[in-house]
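# Chains, contacts and geometry: an overview
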Amino acid sequence: MKPRARPPGADVGDLSCGAGEASPRRLRALAAIRDDARGRAPRAALGGAQRMKILVTGAGGQVGLDLIRRLRERGHEVHGSDLLERPKAAPRDLPWHRLDVTDAAMIDARFAELRPQAVFHLAALLSARGETRPQLAYAVNQTGTFNVLEACRNHGVGQLVFTSTIAVFGPGLPSPVADAVPLLPTTMYGITKVAGELLGDYYFRRYGVDFRAVRFPGLISATLPGGGTSDYAPLMYIEGLRNGRYEAFCRPDTRIPMMYMPDGIRALVDLAAAPRERLSRSVYNIAAFSPTAQEIADSVTRALPEVSITFAPDPRRQAILDSWPDAIDDALARRDWGWAPEYDLDQMTTALIPEVRALLQATDTDVDETPAGAAS
Ligand SMILES: NC(=O)c1ccc[n+]([C@@H]2O[C@H](COP(=O)([O-])OP(=O)(O)OC[C@H]3O[C@@H](n4cnc5c(N)ncnc54)[C@H](O)[C@@H]3O)[C@@H](O)[C@H]2O)c1
């Protein structure tokens, strides 16, 4: 068997015995290794001019191909992977691999074969789907993230970029919600994403895997959405243009943070490239705008007066929406790595409509709007 690459400081475990046994010398040594993990330049991170080999998990979803396009534009060698076959929209020269993140042996073999320098870990079951199949959501989101972190540790991957979510927050938090608040989500999706954040930060401090994450708000793009509870927003554009009408599954006064996809992709890539020493934390809130569902509908119908948008709240998805914050404080991301969104709601509408028209011309695929409660 090939010897595995071990990052410096990977054996902190040898020093960190139970609290009762830890001598001052052991604690000093442990602190030094942790400081080293925090302070040293990552083994390989996106910041420099270096062309990197990057693996993207869950690359067949709403975020994946947009992210891959951006990474390739920056000159990186990118490999897509997913449970799914290569999507039709994927570039023909994009290397594509079947990878089930719940299968630790498959991940280990793939990492040994590809030897990625950085990983963008997107694979997940999103909130609405996660509530219909909580056990599967646990397997994909929690065990899957653990498996990917272990593979990063065992194969010397320099950087792991993780996509967290505003679903890590539970109800009742003061608005706008800051980064460091008690994380008490009420969905399996939120619970597993909290675990992913904590695990990633642990692997950074203990093993030196340069773990970074953004907490995405609801993302809107010209892509068929994948079972998130914020899907009503992109569906107003997609169904509005396709059928001339859309019945949203939420109340018109529902207000959650949203973002146009290009801003979300830029956030991921900019955070990955930021100098580690400037980062005061591993996981960051990011925000763009926080419209009510009615305000999104108004933005759509101002641009497309022929479209009719109505509301028929689905109690299960509405309950999830009501548990999320209505606004996010992203001051730390702005301060630490210069984050700022470029699009507000109406600017997004202007940019998105031609993209959705092109999507609809390119595909007659049915929109998969999986209702909470249905098997998917
Ligand atoms: N889209 C949003 O609005 C949003 C908001 C917040 C956070 N996020 C996060 O961003 C990431 C990407 O989201 P997305 O919108 O592209 O989701 P998506 O549902 O569109 O895509 C997720 C992908 O993961 C894949 N997948 C599922 N199980 C897998 C497994 N066992 N192994 C490998 N792949 C598997 C799916 O096939 C799918 O292609 C996710 O981690 C999600 O939690 C998304």
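The structure contained in this document is the topic of the report that follows. Note that this is a predicted model, so its numbers are computed, not measured. (Residues numbered from 1 in each chain as written. Predicted model: local features only at pLDDT ≥ 70, side-chain atom pairs only at ≥ 80, totals over all residues.)

### Remarks on the overall build of the protein
For clarity, the cut-off: Only DSSP runs of H or I with at least four residues qualify as helices, and only runs of E with at least two residues qualify as strands; both kinds are numbered from the N terminus onward. Partly exposed residues are those falling between the two cut-offs: more than 12 but fewer than 20 other C-beta atoms within 10 Å of their own, whereas 20 or more means buried and 12 or fewer means exposed, with C-beta atoms placed from the backbone. Each residue gets a C-beta atom placed from its backbone, and two residues are in contact if those atoms lie within 7 Å.
Along its length, the protein carries 12 helices and 11 strands. Residues counted as buried form 47% of the 376 residues belonging to the protein. Nonlocal contacts in the protein, meaning residues at least 24 apart in sequence, comprise 79% of its contacts between residues at least 6 apart.

### A look at unusual backbone geometry
In this structure, the amide linkage connecting Ser175 to the following residue, Pro176, adopts the cis form with an omega of 0 degrees. Its location among the elements puts Pro176 in the loop between strand 5 (159-165) and helix 6 (188-207). Its identity as a non-glycine residue notwithstanding, Arg115 has a phi of 50 degrees, on the positive side. Mapped onto the fold, Arg115 is located in the loop between helix 3 (104-114) and strand 4 (118-121). Accessibility expressed as a C-beta count within 10 Å gives 13 for Arg115, which makes it partly exposed.

### Quick look at the nonpolar core
Heads up, the condition is: For this entry, the nonpolar core is defined as buried Ala, Val, Leu, Ile, Met, Phe, Trp, Tyr and Cys residues connected by C-beta atoms within 7 Å.
With 98 residues, the main nonpolar core has Val56, Leu160, Val209, Met236 and Leu268 as its most contacted residues. In this structure, Val56 is in contact with Gly64, Leu67, Ile68, Val78, Gly80, Ser81, Phe120 and Leu122, ignoring residues within four places of it in sequence.

### Focus: the packing of helix 9 (residues 293-303) against helix 12 (residues 345-362)
Packed helices, taken two at a time, are described by the angle their axes make and the gap between the axes. The following threshold applies: In this description, a line fitted to the C-alpha atoms serves as the axis of each element, helices being fitted only across the stretch in contact, and the angle between N-to-C directions of two axes falls anywhere from 0 to 180 degrees. An angle below 35 degrees is read as roughly parallel, one above 145 as roughly antiparallel, one from 65 to 115 as roughly perpendicular, and any other as oblique. The hand of a helix crossing depends on one turn: near helix anticlockwise from the far one by less than a right angle means left-handed, and clockwise means right-handed. Note on residue classes: Ala, Val, Leu, Ile, Met, Phe, Trp, Tyr, Cys and Pro are nonpolar, Asp, Glu, Lys and Arg are charged, and everything else, Gly too, is polar.
Look at helix 9 against helix 12: their axes get within 10 Å of each other, and the N-to-C directions meet at 50 degrees. As far as their axial angle goes, helix 12 and helix 9 are oblique. Of the two possible hands of crossing, helix 9 and helix 12 adopt the one that is right-handed. Seen from helix 9, the contacting residues are Glu295, Ile296, Ser299, Val300 and Ala303; seen from helix 12, they are Leu345, Asp346, Thr349, Thr350 and Ile353. Residue composition of the contact of helix 9 with helix 12, by class: 5 nonpolar, 3 polar and 2 charged.

### Observations regarding the site of the ligand
We count it as follows: The C-beta atom of each residue is placed using the backbone, and any residue whose C-beta lies within 6 Å of a molecule or strand is treated as near it.
Residues in contact with the ligand amount to 30 residues; listed here are only the nearest, Gly58, Gly61, Gln62, Ala124 and Gly226. Elements supplying a minimum of two residues to the shell around the ligand: helix 5 (134-154), strand 5 and strand 7 (218-220).

### With respect to the pairing of strand 8 (residues 245-248)
The cut-off we apply is this: Pairing between strands is defined by DSSP: at least two bridges between them are needed.
Burial of strand 8 is one-sided: the residues Tyr246 and Ala248 facing one way are buried, the residues Arg245 and Glu247 facing the other way are not. Summarising the sheet, strand 8 and strand 11 (residues 308-311) pair through 4 bridges and their orientation is parallel. Its bridge partner being in strand 11, Glu247 is matched across the sheet by Thr310.

### Section: the sheet that holds strand 3 (residues 96-98)
Reading across the sheet, the 7 strands line up as 3-2-1-4-5-6-10 and stay open at both edges, with parallel pairing between neighbours. Either end of the sheet is taken by a strand with one partner, and the two such strands are strand 3 and strand 10 (283-285). Neighbour-to-neighbour, the strand axes of the sheet open up by a mean angle of 20 degrees, direction not taken into account. Where strand 4 and strand 5 come together, 4 bridges link them in parallel fashion. From the neighbouring strand, His121 faces strand 5, where its bridge partner is Phe162. Here helix 8 (residues 261-273) sits on the sheet in contact with strand 4, strand 5, strand 6 (210-216) and strand 10, set at roughly 160 degrees to strand 6.

### Quick look at helix 8
For clarity, the threshold we go by: Here, expected helix span is obtained from the residue count minus one, scaled by 1.5 Å.
In this model, helix 8 (13 residues) spans 18 Å end to end at C-alpha, consistent with the 18 Å of a helix rising 1.5 Å per residue. When helix 8 is considered as a whole, its buried residues turn out to be Met261, Asp263, Gly264, Ile265, Ala267, Leu268, Leu271 and Ala272.

Structural measurements only, silent on function.
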